[in-house]
Structure formats: C-alpha cells, structure tokens
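# Structural description and commentary
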Amino acid sequence: MTTTSTPQPGDANSGVTDAENSIELKEVEGLSQGQIVRRRFFRHRGAVVSMVVLAIIVVLAFSAVGFDFAVFDLAIKTAGWWQWTWTSIPTPQNGGAPTLSLIPEFLGGDGIRFGDHPFGQDEIGRDTFAVVMRGTQQSIVIMIVVGLIATAIGTVIGAIAGYYRGWVDSVLMRFTDIIITIPLIVIGAVLGLAFGRLGAFVLAIIIGLFTWTGLARLVRAEVLSLREREFVDAARVAGASDRRIIFKHILPNAVGVIIVNTTLLMAAAILLETGLSFLGYGVQAPDTSLGVIISQNQAAFATRPWLFWWPGVFIIAIALCINFIGDGLRDAFDPRQKRLPNARKLAKMRTETLNRASTVVPSRGAGMQAGGTAVGGAGRGFFADAPDESDRGSGSTGGDADGGPSRNS
Amino acid sequence: MATFVVRRLIASIFVLLAATFLMYNLVAFSGDPLEDLRTSNAPNKEQLIESRTRLLNLDVAPPLRYFIWFFGVLRLDFGISVQGRDVNAMLEQAIGSTLQLVTIATVLAIILGLIVGITTALRQYSGYDYTVTFISFLFFSLPIFWVAVLLKQYIAIGFNDFLQDDPQLPVWLIALLSAASGLLWASIIPGALKRKITTFVIAVGATVSILVIMNLVDWFTVPGLTIIGVSIAAIGAAVGFTLLITGLQNRRALRAALVTAGIGLAVYFPFQYYVSFFITEWWMLILLGLATVGVSLLVGRLMGGHDRGPIMRITAFTGVVTALAILLDRFMIVWDDYASSGRIRGRPIATIGSSTPGLEGSLWVDGVDIYTHLLLPTIALILISFATYTRYSRASLLEVMNQDYIRTARAKGLNERTVVVRHAFRNALIPIATIVAFDVGGIVGGAVITETVFGWTGMGQLFINGLNQVDPNPVMAFFVVVGGLAILFNLIADLAYAALDPRIRVS
C-alpha cells in the first residue's frame with residue numbers, strides 16, 4: 001500500500017488504489033456525464049470499428065436495392081443504384097460463379113473488379129448480391145423494430161413495477177414470469193407460423209412484444225435501488241408527479257442498463273429472426289431474409305458455396321458489430337469496470353502522487369490528530385505500520401521525484 | 001426457508017398454468033389440424049375427418065379443449081398426437097435422445113468456458129485476453145444452422161476424405177498447430193520474456209513431436225493412447241492437480257496422487273485385455289466409475305494424514321482422469337474395426353442422425369458409434385454456449401480479484417496459487433453456479449435448431465413436428481416438461497446461491 005491509501009471515507013469499497021483512482025479522476029475532470037461516457041466509448045477500439053462497419057453495412061443494404069416495405073396498406077418503395085433488383089432474373093453466366101475479385105494483378109490475381117454479379121447467382125440466375133442486400137435490409141429492420149418495441153415495453157413495465165412495488169410489482173412480475181417461461185424460439189415459432197406471411201415488419205412487432213422480459217427485470221432492479229435515493233425524495237418534496245419522477249428523474253439514471261441491454265437484445269433478435277426464418281417460421285418465401293437464403297441453399301453448399309457464405313457473413317458481421325458496440329457501451333456506462341492503466345503510466349502516476357502526498361501528509365496527519373484523538377492519540381494514521389512511511393515522506397519533501405519507493409499496491 | 005420454497009412453488013405453478021393456457025391456444029389457433037385430410041383424395045375422407053375430430057375433441061373450442069387436456073395431464077396423460085400415437089411414449093423417447101445430445105455438450109462447454117474465462121481474467125488485457133474476447137464474441141454471433149453446414153462440410157466430409165487413404169498430417173498443418181500451441185502456452189504461463197520464450201519453445205517442441213509420432217505410427221488409422229499415453233495423462237493429472245490444489249511442496253499430497261495414478265496404470269492391462277470383454281451394459285461402466293472414485297478417495301483418506309480434505313480431492317480427480325484415459329484408449333482399440341466395418345465403409349464421422357441403423361456390436365463399438373454421431377452437434381453447441389460461460393467466469397473472477405479480502409490474502413503473504421485457487425476461484429464460482437443451475441434446467445428443452453439440422457429426433461423435433469401439424473398435444477408435452485424444469489431449476493439456482501453465499505438470505 002502506498003502512503004496515500006490511508007482509508008478515506010468513500011473509497012472503502014472501491015477496490016482500486018488511489019494511484020489508479022487519481023488517473024481515472026484526472027481524465028474526467030470537468031467533464032459532464034455524457035462527455036465521460038462518450039470519451040470512454042470512443043476509447044473502445046472494437047466498438048468504434050464495429051460502429052463504422054455497421055454503418056457501412058446499413059448504407060450499403062438500403063441504398064443498393066432500394067426500400068420496399070409494406071406495413072399493412074402503407075407501401076414505401078424506392079429504387080436502388082444496383083443494376084439488378086432482388087426479384088429480377090438475369091441469365092446465369094459462367095455457372096453463376098461470383099465475379100468479385102480482390103487480388104490485384106501484380107499478386108497474380110485478376111485485378112480488383114466487381115463485375116456483373118460480385119456475389120454470384122443462384123440456379124435460376126437471381127443476383128446473390130441483390131438478394132443478400134434485401135435479406136440484410138429485412139434483418140436490420142427487424143432488429144431495429146424489435147429493439148424499439150422491446151425497450152419501450154420493458155422499460156415502462158420495469159419502471160412501474162420497481163417504482164410502485166407492492167401488488168403492482170407482483171402482478172407485473174408474475175406476468176413477466178409467464179412470458180419468460182416460454183422459450184423465445186418456441187413462442188417465436190408459434191407466432192411466426194401465424195404472422196410470418198404478413199411480412200418482416202409485422203414479424204418484428206410480434207417478436208418485440210415477447211422479448212422485453214429480461215430488460216423489464218433489469219430495469220425493475222435498477223429502479224428499486226434508485227427510488228430510495230435522495231434526489232427522488234427531493235423531487236417528491238418539490239411536488240413532482242409520479243410520472244415526472246419516473247421519466248425525468250429515475251429513468252435517465254438507469255439509461256446505462258437500458259442502452260446496453262437494448263444492444264444485446266438487438267443482437268439476439270437478429271439471430272432469432274434468422275433462426276426462425278431458417279426453420280420456416282419467420283419471413284416467408286416470396287420475400288427473403290438472410291435466414292431464408294441459407295435455408296433455401298444449404299443443400300447447394302457443395303456446388304454453389306457462395307449462396308451460403310455471403311448471407312452467413314452478413315449475419316455474423318451485423319451480430320458481431322452489435323455485440324461489440326454493446327460491450328463498448330457497457331464499459332462506458334459501468335463505472336465499476338475500471339480499465340487498469342498500463343504499468344508505465346501507473347508507475348509514473350505513483351511517483352507523482354507520492355510527491356504530492358509527501359507535501360500533503362503533514363496536514364493530513366494534523367487532521368487525523370484533530371479528529372481521531374480518541375482512537376490513537378498520536379498524530380499518525382490509523383495504521384500501526386503507517387507512521388514510519390509518512391514520517392519518511394514528510395521528511396523528504398520534494399526530494400526523490402524519480403527514486404520514490406516502488407511497491408506493489 | 002420452507003415457507004419461501006412453498007410460496008415460490010405455488011406462485012410458479014400458477015405462472016406455469018397461465019403459460020400453458022396461453023401456449024395451448026396459440027398452437028391451436030395457429031392453423032387447421034385437419035388440413036392434410038381436407039386436401040387428401042381418400043375415398044373415406046369424411047369418415048377420417050370425423051374420426052380424428054372425435055379422437056382429439058376438435059369439435060370443442062380451443063380454450064375449452066385446454067381443460068380437457070389439463071385434466072388429462074393431472075392424470076399424467078399427455079394425450080395422443082394427430083397420427084394417433086401416444087404422446088407419453090413420444091416424450092419418453094425424445095427426452096432420452098435430447099439428454100444424450102445436450103448433456104455432454106453442456107458439461108464440456110462449462111468446463112472449457114471456466115478454464116478459458118479464468119485464465120483470461122488472470123491475464124486481463126493481454127494479447128491472449130483480447131484474442132479470446134474476440135473469439136467468444138465471434139462464436140456468440142454465429143448462427144448455429146450456418147455453423148452446422150460448415151461443420152458437416154469441413155469436419156465430417158473433409159475428415160472422412162482425409163481418412164480415405166493413408167492419412168498423414170501435412171507439414172503445414174503440423175507447423176500451424178505447433179505455432180498455435182506455442183503461442184497459447186506462452187501467453188497463459190506468466191513470466192518475463194526469457195521464460196515466455198522457453199515456454200514457447202517447449203510447447204512447440206512437444207506438439208511437433210506428438211504430431212510427428214502420430215504420423216509415424218499411423219495414428220489416424222489405428223488410434224490409441226497405449227500405456228504410454230495413459231501414463232502421461234495419469235502422472236500429468238497427479239502432478240497438475242497437486243500443483244493446483246495444495247502445491248507441489250506438499251509431498252504427502254503428491255505421493256497420494258502418484259499412488260492413485262499408479263493403481264490406475266496397474267489395472268491398465270488386466271482391464272484392457274480381460275475385464276473389458278465382460279462389460280456389456282452401460283450400468284457396469286457406471287459402477288466401475290463409482291468404484292474408481294471410491295478407491296481414489298480411500299487412497300487419499302489413508303495417505304492424507306491430518307489434512308485429508310484437499311488430498312482426497314486431488315486423488316479423486318486424478319483417479320477420474322486416469323480412468324477416463326483408460327476408457328478412451330479402450331474405445332480407440334475398436335476404432336479401426338468400427339471404421340472399416342461394412343456399415344461405415346471408412347467414413348466414420350456422421351453428419352446426420354443419432355446412431356447407425358443396423359449396427360451390431362459390443363458396448364465399445366456402440367460407444368464409438370455414439371461418439372461419431374455426437375461429434376458435430378456437440379462442437380456446434382459448445383461453440384455457441386462456450387462464449388457465455390467464458391464471459392461470465394471472466395467477469396466473475398475479475399470482480400472477486402478486486403475485492404478487499406484478496407488484497408488481505410496477498411498482504412498476509414499467501415502465494416499466488418493459494419490466493420487464486422482458494423480465495424478468489426471459490427468465490428467466483430458462486431454466481432457461475434447459479435447460471436449453471438439455470439442452464440441445466442434448460443438442457444431438456446434442447447436445441448431446436450441443432451436437432452433440426454443434425455436430424456435428431458429429440459424434444460426439438462417433438463415440438464417442431466407438433467407445431468407443423470397444428471397438434472397441441474406434443475407441443476404442450478414439450479412445453480410442460482421444459483417450462484416445469486426451467487421453473488424448478490430457477491428455484492434451485494436461488495437456493496444454491498443462498499446456500500453458497502452466506503450474505504444472501506431467502507425469506
């Protein structure tokens with residue numbers, strides 16, 4: 001232990017030494033909560049890369065073959081820049097082999113070119129790139145809709161249950177238990193069978209209506225602890241209504257839990273959707289999705305592997321990106337998950353804090369003396385082994401900047 | 001405590017009742033159970049429709065039909081399916097098949113996940129940690145049906161092709177595997193650069209020599225551990241467990257472990273070439289397994305002196321590992337017979353189904369047959385669930401390692417092994433134990449997609465087939481078993497947490 005780690009109120013449970021703490025504190029000095037979170041998030045390299053990749057995938061998928069969504073009677077349709085649409089059937093060329101080539105000529109390849117069918121064609125000639133882009137669109141739409149609906153329901157139910165407690169809590173949580181008892185794939189299959197042919201949008205709404213349970217439980221737990229805090233009492237005394245307290249005071253403080261779990265839920269939703277479509281309970285045949293493409297083509301793996309590789313790669317890319325973004329957000333929002341500074345930085349900080357400590361110690365010792373006479377009496381710290389350390393520290397004020405004692409914390 | 005359990009159970013029963021009602025109606029309203037008959041051209045169509053309607057009470061509206069089903073279930077009768085088969089019998093067969101599929105995968109995933117999670121937590125923010133983190137996120141994002149097709153293509157078909165004529169590992173593969181093992185060990189074992197380089201060289205050397213020896217003795221045609229492999233496993237287990245649990249300076253423990261390993265090696269030849277021919281039923285193997293544990297514990301107790309507990313644990317683990325090595329070797333002895341038998345024709349790794357139809361053989365041949373069929377689905381399931389366990393155990397151990405009592409343990413001069421194994425690891429296991437309990441409850445629910453892809457007729461198929469035929473009875477049988485177990489194990493998880501962590505009280 002360093003001299004600076006004499007117990008102070010507040011850091012008893014932190015589990016990190018002061019040297020680490022002060023690095024942490026110095027970095028966030030004078031920043032708002034949002035800035036701290038943003039800064040921590042952008043330090044997570046995996047999350048930033050994932051965000052860029054995901055953005056590229058989204059733009060590519062929605063611009064290439066254009067929108068085509070029908071929600072009940074409202075149809076949205078736009079044209080894309082790609083030469084084929086996912087329904088057009090050009091004549092198969094070259095056995096449908098992909099024309100994409102990424103090896104430049106000087107390495108012995110065919111040069112970088114995309115060709116007419118970069119991802120190849122299927123047996124009747126449909127362009128795999130267009131079909132995969134369409135499937136990616138569907139999966140992304142489902143992911144976002146599921147995320148929005150499940151988050152909204154889960155947050156509201158969790159917040160109400162946690163805030164009101166008592167019988168409201170019991171009823172809502174038993175209701176959550178009922179939904180949670182049914183495995184997701186089971187309820188997805190049963191409902192997908194009934195609603196799958198109504199299109200991806202309706203399927204997404206149905207999935208969203210049943211995937212909020214985990215989030216509701218987490219939000220409830222968070223609200224249960226937040227509602228006991230002083231700022232809630234203060235708001236209540238100031239005359240705020242329950243609705244205002246929940247939505248303006250409590251939920252903004254639970255936003256970390258909500259956002260992190262929403263991303264994980266979205267990653268799970270995309271895998272659920274593709275799994276359901278694979279089993280035949282998701283998006284139905286004339287329309288397509290990544291799961292449907294794989295399901296239709298799994299027998300053709302030996303002859304046309306590209307029909308199988310590309311949709312799989314896109315599923316994995318999307319799910320992986322979302323998972324990494326979720327991980328980055330968790331790191332950013334969770335103050336307990338402290339990133340340890342690397343050894344060199346820590347050593348530097350330690351000598352610095354030791355220097356500072358050596359000037360501070362005398363005054364702190366005096367403070368102890370004033371406050372803690374009943375315990376020790378002497379002008380020393382709480383620890384029996386602390387005195388000679390602090391004595392040495394105060395004796396060599398400003399002395400050994402570089403040669404400070406290096407000890408394990 | 002008792003009131004807590006009773007109250008939870010009563011609440012759970014009502015939850016399950018409500019869920020079954022919801023589920024029954026969802027399935028019943030999802031389609032028309034008579035569709036195949038209505039579109040058929042059978043001359044006695046009307047009669048068939050009428051008989052099925054009467055058999056399944058289709059003239060009663062689903063919400064009311066639920067109660068007919070419900071009172072049947074109270075008499076433990078799950079009714080009959082659309083084809084008129086007894087659902088109880090279907091359920092029994094499905095549970096057995098699913099347990100066979102999922103148990104091994106779950107156990108392996110837990111063990112592997114724990115080991116990897118703990119090593120990554122101990123080497124936090126190292127290259128190894130980042131690699132494992134990336135890989136577990138990747139596995140977590142894999143759609144299982146996609147992985148299944150890849151496994152079938154590359155593991156099954158590729159490996160079977162490899163076995164076709166004179167299987168020899170190519171040089172590039174040996175180089176790749178050796179480099180991977182060198183990097184793995186060098187990143188796990190701590191130390192300065194020099195020690196890391198030594199570790200790397202030793203690991204590469206060991207891997208290369210093992211692989212080259214495997215090539216030389218034609219291992220892929222006639223696999224086996226022989227007494228040499230079994231000895232390495234047994235002595236390695238003895239030393240390894242002693243190192244982990246008490247440290248090598250405890251000579252008494254090391255001696256007890258080595259004696260256990262020695263007993264195992266002493267029964268190697270008698271077992272392999274005499275006793276094993278008399279083992280014709282699986283329960284005999286289970287009895288032998290129990291006997292192994294008993295003997296090992298006895299050795300630990302007799303040789304343990306005053307500190308018996310940890311030494312008995314060491315001898316038990318050593319005994320089990322030695323026995324497993326001998327068992328593995330015994331199965332390998334029949335591998336060649338199996339692979340070249342008429343039904344297999346040299347392509348042993350199966351891509352579909354749960355057993356080779358019409359294969360007649362001893363228990364050992366059956367065992368190999370189960371192995372070849374389990375291999376692919378087990379790998380697929382492990383890939384998916386491995387990630388969760390790794391992440392959980394890593395997070396859990398990291399949380400514990402930051403606690404004050406770990407600092408205290410270090411401060412009073414305990415060595416790193418004692419701090420990690422005795423103080424940190426045990427406490428880190430508490431939250432993992434509850435997750436495991438919860439997962440075990442989900443085992444029977446099985447893996448609907450995995451079963452579909454690999455053609456297993458387990459619980460998943462029971463559910464899918466029932467759903468496709470708008471047949472609520474099999475679906476509900478599946479659901480009652482799965483939901484009931486989920487609720488039961490949820491309760492067990494809570495109780496286990498309270499039992500393991502004295503800070504938590506159930507009331």
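We now examine the overall build of chain A. For chain A, the count of helices and strands is 15 helices and 2 strands. Going through the 409 residues of chain A one by one, you find that 40% of them count as buried. Contacts in chain A between residues far apart in sequence, at least 24 positions, make up 69% of those at least 6 positions apart.

Moving on: the overall build of chain B. Secondary structure summary: chain B contains 21 helices and 0 strands in total. With the C-alpha coordinates aligned to their principal axes, the bounding extent of chain B is approximately 85 × 65 × 45 Å. Across the 507 residues of chain B, 34% fall into the buried class. Looking at chain B alone, contacts between residues at least 24 apart form 73% of all its contacts between residues at least 6 apart.

Once that is clear, we can look at the interface of chain B and chain A. Across the boundary between the two partners, chain B contributes 37 residues, which contact 32 residues of chain A. Listing elements by their share of the side of chain B that touches chain A, those giving two or more residues are helix 1 (2-29), helix 6 (127-140), helix 7 (144-164), helix 19 (448-454), helix 20 (459-468) and helix 21 (472-500) of chain B. No other element matches the 9 residues that helix 1 of chain B contributes to the side of chain B that touches chain A. Residues of the side of chain B that touches chain A, tallied by class, amount to 27 nonpolar, 9 polar and 1 charged.

Once that is clear, we can look at the domain arrangement of chain B. How big an interface is tends to be reported as the loss of accessible area on association of its parts. Residues and elements named next belong to chain B. When its domains are assigned, chain B resolves into domain 1 (2-90 + 445-500), domain 2 (122-164 + 234-441) and domain 3 (168-217). Contacts between the two partners involve 17 residues from domain 1 and, on the opposite side, 17 residues from domain 2. When residues of the side of domain 1 that touches domain 2 are assigned to their parent elements, the largest contribution, 10 residues, is made by helix 21. Along the lines of polarity and charge, the residues of the side of domain 1 that touches domain 2 split into 14 nonpolar, 3 polar and no charged.

A separate point is the packing of helix 11 (residues 251-266) of chain B against helix 13 (residues 282-303) of chain B. All names here are of chain B. Two numbers describe how helix 11 lies on helix 13: the axes approach to 9 Å, and their chain directions differ by 150°. Note on packing geometry: the crossing formed by helix 11 with helix 13 is right-handed. Mapping the contact onto sequence places R252, R255, A256, V259, T260 and I263 in helix 11 and V295, S296, V299, G300 and M303 in helix 13. When its residues are assigned to classes, the contact of helix 11 with helix 13 shows 6 nonpolar, 3 polar and 2 charged.

Moving on to the nonpolar core. In terms of nonpolar packing, the biggest core is built from 158 residues, with V146 and A269 of chain A touching the most fellow members. Each of domain 1 (2-90 + 445-500) and domain 2 (122-164 + 234-441) of chain B gives at least three residues to this core. Excluding residues that lie within four positions of it along the chain, A269 of chain A makes contacts with I142, M143, V146, G147, I207 and T211 of chain A. One finds A253, Y268, F317 and A323 of chain B within the second-largest nonpolar core, a separate group that totals 22 residues.

This brings us to the environment of R52 of chain B. Residue and element names in this part refer to chain B. Tracing the backbone through its elements, the reader meets R52 in helix 3 (residues 45-56). Of the residues examined, R52 has 17 C-beta atoms within 10 Å and is grouped as partly exposed. Spatially, the C-alpha atoms of R52 and Q83 are 8.7 Å apart, while their sequence positions differ by 31 residues. Leaving out residues up to four positions away in the same chain, R52 has contacts with L34, L37 and L58.

Moving on, we get to the confidence of the model for chain B. Residue and element names in this part refer to chain B. For chain B, mean pLDDT is 85; residues scoring 70 or higher make up 99% of the total. When pLDDT is averaged over each helix and strand of chain B, the minimum, 73, is found for helix 2 (residues 35-38) and the maximum, 92, for helix 17 (residues 404-411). For this predicted complex, the interface score ipTM comes out at 0.81, alongside a pTM of 0.80.

Further remarks concern the packing of helix 18 (residues 416-442) of chain B against helix 21 of chain B. Residue and element names in this part refer to chain B. Remark: helix 18 packs on helix 21, axes separated minimally by 8 Å, with the N-to-C direction vectors making an angle of 165°. For the element pair helix 18 / helix 21, the angle class is roughly antiparallel. Seen along the crossing, helix 18 lies across helix 21 with a hand that is right-handed. When helix 18 is examined against helix 21, the residues I430, A433, T434, A437, F438, V440, G441 and G442 are found in contact with a partner set consisting of L485, A486, L488, F489, N490, I492, A493, A496, Y497 and L500.

Our focus in this paragraph is helix 11 (residues 255-279) of chain A. Each turn of an α-helix holds 3.6 residues, which means side chains three or four residues apart point in the same direction. With 25 residues, helix 11 of chain A should cover 36 Å at 1.5 Å per step; its first-to-last C-alpha distance of 35 Å lies within 8% of that length. The buried fraction of helix 11 of chain A amounts to 22 of the 25 residues, a majority that puts the element mostly inside the structure.

Turning to the confidence of the model for chain A, a few remarks are in order. Residues and elements named next belong to chain A. On average, residues of chain A score 72 in pLDDT, and 66% of them reach the 70 mark or higher. Mean pLDDT per element in chain A: helix 15 (residues 387-395) is the minimum at 33, and helix 9 (residues 230-237) is the maximum at 92. Confidence drops under a pLDDT of 50 for residues 358-409, and excluding neighbours within four residues, the segment shows 43 contacts in the predicted structure.

Attention now moves to helix 13 of chain B. All names here are of chain B. Taking 1.5 Å of rise per residue, 22 residues should cover 32 Å, and helix 13 covers 32 Å from first to last C-alpha, within 8% of that figure. Listed as buried for helix 13 are T292, S296, V299 and G300. On an axial view of helix 13, the arc spanned by its buried residues comes to 100°, and they lie on one face. In helix 13, the exposed positions angled more than 90 degrees off the buried face are occupied by W283, I286, L287, L290, A291 and G294. Positioned one or two residues after helix 13, G305 has a phi angle of 65°, which is positive.

Most peptide bonds adopt trans geometry, and most residues besides glycine take a negative phi value. Unlike most non-glycine residues, R165 of chain A shows phi in positive territory, near 50°. Of note, R165 of chain A is situated in the loop between helix 4 (128-164) and helix 5 (166-181). Phi at L76 of chain B is positive, roughly 60°, even though this residue is not glycine.

With that out of the way, let us pick up the environment of A447 of chain B. Residue and element names in this part refer to chain B. Looking at the secondary structure, you find A447 in the loop between helix 18 and helix 19. As for A447 and I144, which are separated by 303 residues in sequence, their C-alpha atoms are 9.7 Å apart. What A447 contacts, discounting residues up to four positions off in sequence, is V102, L381 and G460.

Within the element layout of this structure, I504 of chain B appears in the segment after helix 21. Excluding anything up to four places from it in sequence, I504 of chain B contacts Y497 and A498 of chain B.

Criteria and cut-off values
- Along each chain, the written sequence defines residue order, and numbers are assigned to residues from 1.
- Each chain takes a letter, starting from A, and each ligand takes a number, starting from 1, following the order in which they are written.
- Note on the predicted model: pLDDT of at least 70 is required for a residue's local features to be given, and 80 or more for side-chain atom pairs to be given and counted; whole-chain, interface and lining totals, by contrast, use all residues.
- Only runs of H or I of at least four residues qualify as helices and only runs of E of at least two qualify as strands under DSSP, and these elements are numbered from the N terminus.
- Three classes are used. A residue is buried when 20 or more other C-beta atoms lie within 10 Å of its own, exposed when 12 or fewer do, and partly exposed in between, with C-beta atoms placed from the backbone.
- Two residues form a contact once the distance between their C-beta atoms, set from the backbone, is within 7 Å.
- Charged means Asp, Glu, Lys or Arg here, nonpolar means Ala, Val, Leu, Ile, Met, Phe, Trp, Tyr, Cys or Pro, and polar covers whatever is left, Gly included.
- Boundary definitions for the domains trace back to an automatic or database domain assignment.
- Note on method: axes are straight lines fitted to C-alpha atoms, helices fitted across the in-contact stretch only, with angles between N-to-C directions ranging 0 to 180 degrees.
- Two helices cross in a left-handed way if the nearer one is turned anticlockwise from the farther one by less than a right angle. They cross in a right-handed way if the turn is clockwise.
- Nonpolar core, as used here: buried Ala, Val, Leu, Ile, Met, Phe, Trp, Tyr and Cys residues forming one set through C-beta atoms within 7 Å.
- The quantity called pLDDT is the predictor's confidence in a given residue, expressed from 0 to 100.
- An angle counts as roughly parallel when it lies under 35 degrees, as roughly antiparallel when it exceeds 145, as roughly perpendicular when it falls between 65 and 115, and as oblique in every other case.
- Take the number of residues in a helix, subtract one, and multiply by 1.5 Å to get its expected span.
- Each C-beta atom gives one direction from the helix axis, and the arc is the one those directions make.

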